[in-house]
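Understanding the architecture of this molecule
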Amino acid sequence: MAPVRRRRRILPPSPLPQRDGVDPVRLRLPAAGPGATVREHLVARLPAGAGVVDGMFDAGLIVGADGRPVPADTPYAPGLYVWFHRELPSEVPVPFPLEIVYRDEHIVVADKPHFLATTPRGSHVAETALARLRRELGIPLLGAAHRLDRLTAGLVLFTVRPEERGAYQTLFRDRRMHKEYEAVAPHDPALALPRTVRSRIVKERGVLTAREVEGEPNALSRVELLGHRADGLARYRLVPGTGQTHQLRVHMTALGVPILGDPLYPQVTAPVPAGDFRRPLQLLARTLEFTDPVTGVEHRLHSRRTLAAWTSYEQWAAGQ
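Residues numbered from 1 in each chain as written. Predicted model: local features only at pLDDT ≥ 70, side-chain atom pairs only at ≥ 80, totals over all residues. Heavy atoms only, no water.

**Examining the overall build of the protein chain**
Counting its regular elements, the protein chain contains seven helices and 13 strands. Dimensions of the protein chain, computed from C-alpha atoms along their principal axes, come out at roughly 70 × 55 × 45 Å. A buried classification covers 42% of the 320 residues belonging to the protein chain. Here the analysis covers contacts within the protein chain between residues at least 6 apart in sequence; of these, 62% occur between residues at least 24 apart. Roughly 17,400 Å² of accessible area belongs to the protein chain as shown, and the carbon and sulfur atoms make up 51% of that amount. Between the centroid of the 43 positive side chains of the protein chain and the centroid of its 34 negative side chains there is a distance of 4 Å. (Helix = DSSP H or I, 4+ residues; strand = E, 2+ residues; numbered from the N terminus. Buried < 20%, exposed > 50% of the residue type's maximum accessible area, 1.4 Å probe, protein only. Contact = heavy atoms within 4.5 Å. Areas by Shrake-Rupley, 256 points an atom, 1.4 Å probe, with all protein chains shown as cover. Lys, Arg positive; Asp, Glu negative; His and termini not counted. Charge placed at Lys NZ, Arg CZ, Asp CG, Glu CD.)

**Focus: the nonpolar core**
Among the nonpolar cores identified, the biggest contains 35 residues, and Leu142, Phe158, Tyr236, Leu238, Met252 and Leu283 are the most heavily contacted of them. Listing elements by their share of this core, those giving two or more residues are β4 (107-112), α3 (129-137), β6 (153-159), β7 (178-186), β11 (233-240), α5 (247-254) and β12 (283-291). In contact with Leu283, other than residues within four places in its own chain, are His114, Thr152, Ala153, Tyr181, Glu182, Ala183, Leu238, Leu248, Arg249, Ile259 and Leu307. If you look at the next biggest cluster of nonpolar residues, it comprises 14 residues, including Leu29, Leu46, Phe57 and Phe84. (Core = buried A, V, L, I, M, F, W, Y, C linked by side-chain atoms within 4.5 Å.)

**Observations concerning α5**
Among the eight residues that make up α5, six are buried, leaving the element largely enclosed by the rest of the structure. Inspection of α5 places Gln247, Leu248, Arg249, Val250, His251 and Met252 among the buried residues, and these make up the whole buried set. In the core, the buried residues of α5 are packed alongside β7, β8 (195-202), β9 (211-213), β10 (219-228), β11 and β12.

**A few points about a positive patch on the surface**
Taken together, the side chains of Arg121, Arg147, Lys203 and Arg205 make up a positively charged region of the molecular surface. Structurally, the position occupied by Arg147 is in the loop between β5 (143-144) and β6. The exposure class assigned to Arg147 is exposed, which follows from its relative accessible area of 54%. (Patch = residues over 30% accessible without salt bridge, like charges linked within 9 Å, V, L, I, M, F, W, Y side chains within 5 Å. Salt bridge = Lys/Arg side-chain N within 4 Å of Asp/Glu carboxyl O.)

**Some points on unusual backbone geometry**
The amide bond that connects Gly33 to the next residue, Pro34, takes the cis arrangement and shows omega of 10°. Tracing the backbone shows Pro34 in the loop between β1 (25-28) and α1 (38-45). One non-glycine residue with positive phi stands out, namely Phe115, at about 80°. Note that Phe115 resides in the loop between β4 and α3. On the accessibility criterion, Phe115 (9% relative accessible area) is buried. Its identity is not glycine, yet Arg175 carries a phi of approximately 60°, on the positive side. Along the chain, Arg175 falls in the loop between α4 (165-173) and β7.

**What to know about the pattern of salt bridges**
Under the definition given, this model contains 20 salt bridges. Taking the shortest distance from any N to any O, the salt bridge between Glu182 and Arg286 comes out at 3.1 Å. Separated by 104 residues along the polypeptide, Glu182 in strand β7 and Arg286 in strand β12 bring together distant segments of the chain. Note on Arg286: relative accessible area 18%, which makes it buried. Note that Asp231 and Arg229 form a salt bridge whose closest N and O atoms lie 2.9 Å from each other. A single salt-bridge network, built from bridges that share partners, covers Glu180, Arg222, Glu224, Arg237, Glu289 and Arg300.

**Describing the pairing of β1**
Going residue by residue along β1, you find Val25 and Leu27 tucked away on one face and Arg26 and Arg28 left uncovered on the opposite face. Bridge count between β1 and strand β2 (residues 81-84): four bridges; the pairing is antiparallel. Its bridge partner being in β2, Leu27 is matched across the sheet by Val82. (Pairing = 2+ DSSP bridges.)

**What about helix α2 (residues 50-58)?**
Listed in full, the buried residues belonging to α2 are Val53, Met56 and Phe57. The arc that holds every buried residue of α2, seen down its axis, measures 100°, which confines them to one face. Of the exposed residues in α2, the ones pointing more than 90 degrees away from its buried face are Gly51 and Asp58. Elements that come into contact with the buried residues of α2 comprise α1 and β2. Following α2 by one or two positions, Gly60 adopts a phi angle in the positive range, close to 70°. (Arc of directions from axis to C-beta.)

**Section: the environment of Val125**
Along the polypeptide, Val125 turns up in the loop between β4 and α3. It is 7.0 Å that separates the C-alpha atoms of Val125 and Leu88, two residues lying 37 residues apart in sequence. Not counting the four nearest positions on each side in its chain, Val125 is found in contact with Val22, Arg86, Leu88, Pro89, Glu91, Pro120 and Ala131.

**Notes on the environment of Leu301**
Note on placement: Leu301 falls in strand β13 (residues 298-302). Here Leu301 falls in the buried class, since its relative accessible area comes to 10%. In the structure, Leu301 is positioned 146 residues away from Leu155 in sequence and 8.2 Å away in space, judged by C-alpha atoms.

Listed below in structure tokens is the structure:
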């Protein structure tokens, strides 16, 4: 008997334009409440509070698929879509350039600086690589094919056409995207390299750090020594075979050589104030190598960035 295939839900187009490169929020009312009206449901569901939600209804900022304001007393209807723009948080601009390494009609590969989030999330919304590129390149439908940690610098692949995004995401899912990272960390002459590290890593929701646990490995990293010097630092090439959260940072810590500037490993340090861009994590997504699934072109792309702790450790350590 053939397996039953779930029909993919076709999402209605947004009736609202982007704002500062950020898409409006789209909410679909689930099969069961809470709430007897759209207002009651949004008050219960959104963290903004009743006063903010009521103000949005009064101003006509919550709209339906036709772009018209939804009255607050609209009866709850499962499956109903509403759209609105969230109030953008106050963000300190990340004062580093976002450079383009490669661009064609299908993809954009950007060289992301440290401290810049890839996509809108939490308190980082307009100050993200995706929102910046949408504004600067004038491509409102640009989407991210994958994510790079906010604290990690380097190459990120974006797609120009939404209908092609899945093809590029599959490169990462099926491990047909070869990625190489570079890191600066302490040098341990007793550590035999190169080696492949295998372990099981879990990351629990609400917990800042990931951790290794007993069980079948789900994380694989190749670690190679590129060079070391008399001050006790070394430069490493890291090649992930899997994509677990914080995988390279966890594996380097487990080897006894945690990456310089890491605020989470081996110990969680106090959060730095917004706008403190000193001593960035010394981890760089150096290389992306792949066959374009749409054009068939072979790509081997490299970040032009350098890691400051290797090129000028004194300035990096002093936070200059």
